[in-house]
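Structure assessment
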Amino acid sequence: MYRHVACNYTFGGVAYGDDAMEGHAPRSWGSVMGSEKVAIVTGASRGIGKGIALELGAAGFTVYVTGRTVDAGMIPGTVGETAAQIDELGGHGIAIACDHHNDAQVKAVFERVEKDHGRLDVLVNNVYSAPDLVPWLGKKFWELPIEAWDQVINIGTRSHYVSSVFGAPLMLAKRSGLIVNVSSSGAVSYGHNVVYGVGKAAVDKMTADMAIELHGTGVSVVSLWPGLVRTELLDLGAQTEGDEIFIELPGEGRFDLSGAESPRFLGRAVVALYGCADIAERSGKPFSSAALARELGFTDLDGTIHEVLLRPEA
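Residues numbered from 1 in each chain as written. Predicted model: local features only at pLDDT ≥ 70, side-chain atom pairs only at ≥ 80, totals over all residues. Heavy atoms only, no water.

**So, the overall build of the chain**
Secondary structure assignment for the chain yields 12 helices and 12 strands. Expressed as a percentage of its 314 residues, the buried residues of the chain come to 54%. Across the chain, contacts joining residues at least 24 apart in sequence account for 70% of those joining residues at least 6 apart. Approximately 13,300 Å² of the chain is accessible, and the part contributed by carbon and sulfur atoms is 54%. (Helix = DSSP H or I, 4+ residues; strand = E, 2+ residues; numbered from the N terminus. Buried < 20%, exposed > 50% of the residue type's maximum accessible area, 1.4 Å probe, protein only. Contact = heavy atoms within 4.5 Å. Areas by Shrake-Rupley, 256 points an atom, 1.4 Å probe, with all protein chains shown as cover.)

**A look at the environment of S283**
Its place among the elements puts S283 in the loop between α11 (279-282) and β12 (286-288). Note on S283: relative accessible area 15%, which makes it buried. Sequence spacing of S283 and V219 is 64 residues, and the spatial spacing of their C-alpha atoms is 8.6 Å. If near-sequence neighbours (up to four positions away) are discounted, S283 is found in contact with A211, S220, V221 and V222. Here V221 takes part through its backbone nitrogen, which lies 3.0 Å from a polar atom of the side chain of S283. (Polar contact = N/O pair within 3.5 Å; in protein donor to acceptor, adjacent residues only side chain to side chain.)

**Structural notes on the sheet that holds strand β5 (residues 92-97)**
Pairing is parallel in the open sheet, where seven strands are placed in the order β5-β4-β3-β6-β7-β8-β12. Each edge of the open sheet carries a strand with a single partner, namely β5 and β12. Sheet twist, expressed as the mean angle between neighbouring strand axes with direction ignored, is 20°. Bridge count for strand β3 (residues 38-41) against strand β4 (residues 62-67) is four bridges, and the pairing is parallel. (Pairing = 2+ DSSP bridges. Axes fitted to C-alpha atoms, helices over the stretch in contact; angles between N-to-C directions.)

**Thoughts on the environment of T299**
Inspection of the secondary structure assignment puts T299 in the segment after α12 (289-296). Counting along the chain gives 35 residues from T299 to R264, while the straight-line C-alpha distance between them is 9.8 Å. In this view, T299 contacts F265, R268, T304 and I305; residues no more than four positions away in its chain are not counted.

**Quick notes on the confidence of the model for the chain**
Residues of the chain with pLDDT of at least 70 account for 82%, and the chain-wide mean is 85. With pLDDT under 50 throughout, residues 1-6 is counted as low confidence; its partners more than four residues away or in other chains account for 16 contacts. Within the model, the stretch residues 18-32 combines pLDDT values under 50 with 31 contacts to residues more than four positions away or in other chains. (pLDDT = per-residue confidence, 0-100.)

**Concerning the packing of helix α10 (residues 263-274) against α12**
Packing of α10 against α12 brings their axes to within 10 Å, and their N-to-C directions diverge by 55°. With respect to α12, the axis of α10 lies oblique. The interaxial crossing formed by α10 with α12 has left-handed handedness. Mapping the contact onto sequence places F265, L266, A269, A272 and L273 in α10 and S289, A290, L292, A293 and L296 in α12. Here the contact of α10 with α12 is built from residues that sort into nine nonpolar, one polar and no charged. (Parallel < 35°, antiparallel > 145°, perpendicular 65-115°, else oblique. Left-handed = near helix turned anticlockwise from the far one by under 90°. Nonpolar A, V, L, I, M, F, W, Y, C, P; charged D, E, K, R; others polar.)

**Some points on the side chain of T82**
Looking at the element boundaries, T82 is found in helix α4 (residues 79-88). By relative accessible area, T82 is classed as buried at 0%. In this structure the side chain of T82 is engaged in a polar contact, spanning 2.7 Å, whose partner is the backbone oxygen of A44.

**Looking at the packing of aromatic side chains**
Taken as a whole and judged by the stated rule, the model has five aromatic pairs. With a centroid separation of 6.3 Å and an interplanar angle of 85°, the aromatic rings of Y128 and Y196 are classed as edge-to-face. In this pair, Y128 sits in the loop between β6 (122-125) and α6 (130-133) while Y196 sits in helix α8 (residues 194-214), placing the two residues 68 residues apart along the sequence. On the basis of relative accessible area, Y128 is assigned to the partly exposed category, the value being 23%. Aromatic side chains F265 and F298 sit 5.3 Å apart centroid to centroid with 55° between the ring planes, which places their arrangement in the tilted category. Taken together, the positions of F265 in helix α10 and F298 in the segment after α12 put the pair 33 residues apart, joining distant regions of the chain. (Phe/Tyr/Trp six-rings, centres within 6.5 Å; stacked < 30°, edge-to-face > 60°.)

**Let's talk about the pattern of salt bridges**
The final tally for this structure, using the stated rule, is eight salt bridges. Its salt-bridge partner being R264, residue E55 comes within 2.6 Å of it at the nearest N-O pair. Taken as a pair, E55 in helix α3 (residues 47-58) and R264 in helix α10 lie far apart in primary sequence, 209 residues in all. Residue E55 is classed as buried on the basis of its relative accessible area, which comes to 1%. With a closest N to O distance of 2.9 Å, R158 and D103 form a salt bridge. (Salt bridge = Lys/Arg side-chain N within 4 Å of Asp/Glu carboxyl O.)

**A look at the layout of surface pockets**
Within this model, the second largest pocket holds a volume of roughly 240 Å³. Contributing to the lining of the second largest pocket are 16 residues, with G218, V219, S220, I279 and A280 lying nearest its centre. For the lining of the second largest pocket, the secondary-structure elements that each account for two or more residues are β7 (177-182), α8, β8 (219-225), α10 and α11. Within the lining of the second largest pocket, the residues separate by chemical class into eight nonpolar, eight polar and no charged. (1 Å grid on protein atoms, 1.4 Å probe; cavity = no way out; pocket = protein on both sides within 12 Å on 5 of 7 lines; lining within 4 Å. Points joined across faces, edges and corners; volume = space filled by probe spheres on them.)

Take a look at the structure:
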């Protein structure tokens, strides 16, 4: 069990840690950052990946963002737009078109980072085919096409593994780094369907086992569980009834979007974890965004610390 170690800093006007909670003057983010830091965020055209990439950019990182979407479509967001917004926030965004089904393309991303910087400080494994999952929500395993297994496990679990294989050596060379696997409370509690839960449970098991092999190297790995996140895809499925804006998830009920996390809330969780002195003791464990906000003292863009959980029993 890790012990709590204060993680105090600010950036972009946001205070973190015990200083934020107690009203003390926090240390500057620069004192935590030091030299230029480099991050890769996979699946960052939109949604959670984009939110994480933006917050890393706001913290001064050079952020390589990957994804298949280079041209605007029905769902807003492209890798180029994310990179441009990172620049606007004070970071350096670099967009790379990458299909994470293709190992050669993925390898090329990490080779470019090594050539450009010779280091990698943060890897966020987020890529996931969420739009493909939508028609399968609430369906029993015998009602799903067999390819549902391949899609969820390949782009999610396998892609997280592949990127970690290529990213870890860059971190090990510097004996420093953080890998964040975006997972879900669906790893320990039923959510959506069988293949979704199996995929997320596999991610968390991978995180735990990677931590064992990384122990003592200076490189840490954690799983991050989002709550209900108001992504562009979620907004497309939103409904209104009076003043209420909500989403209906088949078999799971109605969720009020007024309490949903913004994608950047997850980014603040990643930045807060990176700034923690006890990150090595956290390695191998899953953390929910809401629990991290309460512990480490960060908020969403509107000052909220969220309490809305998709699966409260988890």
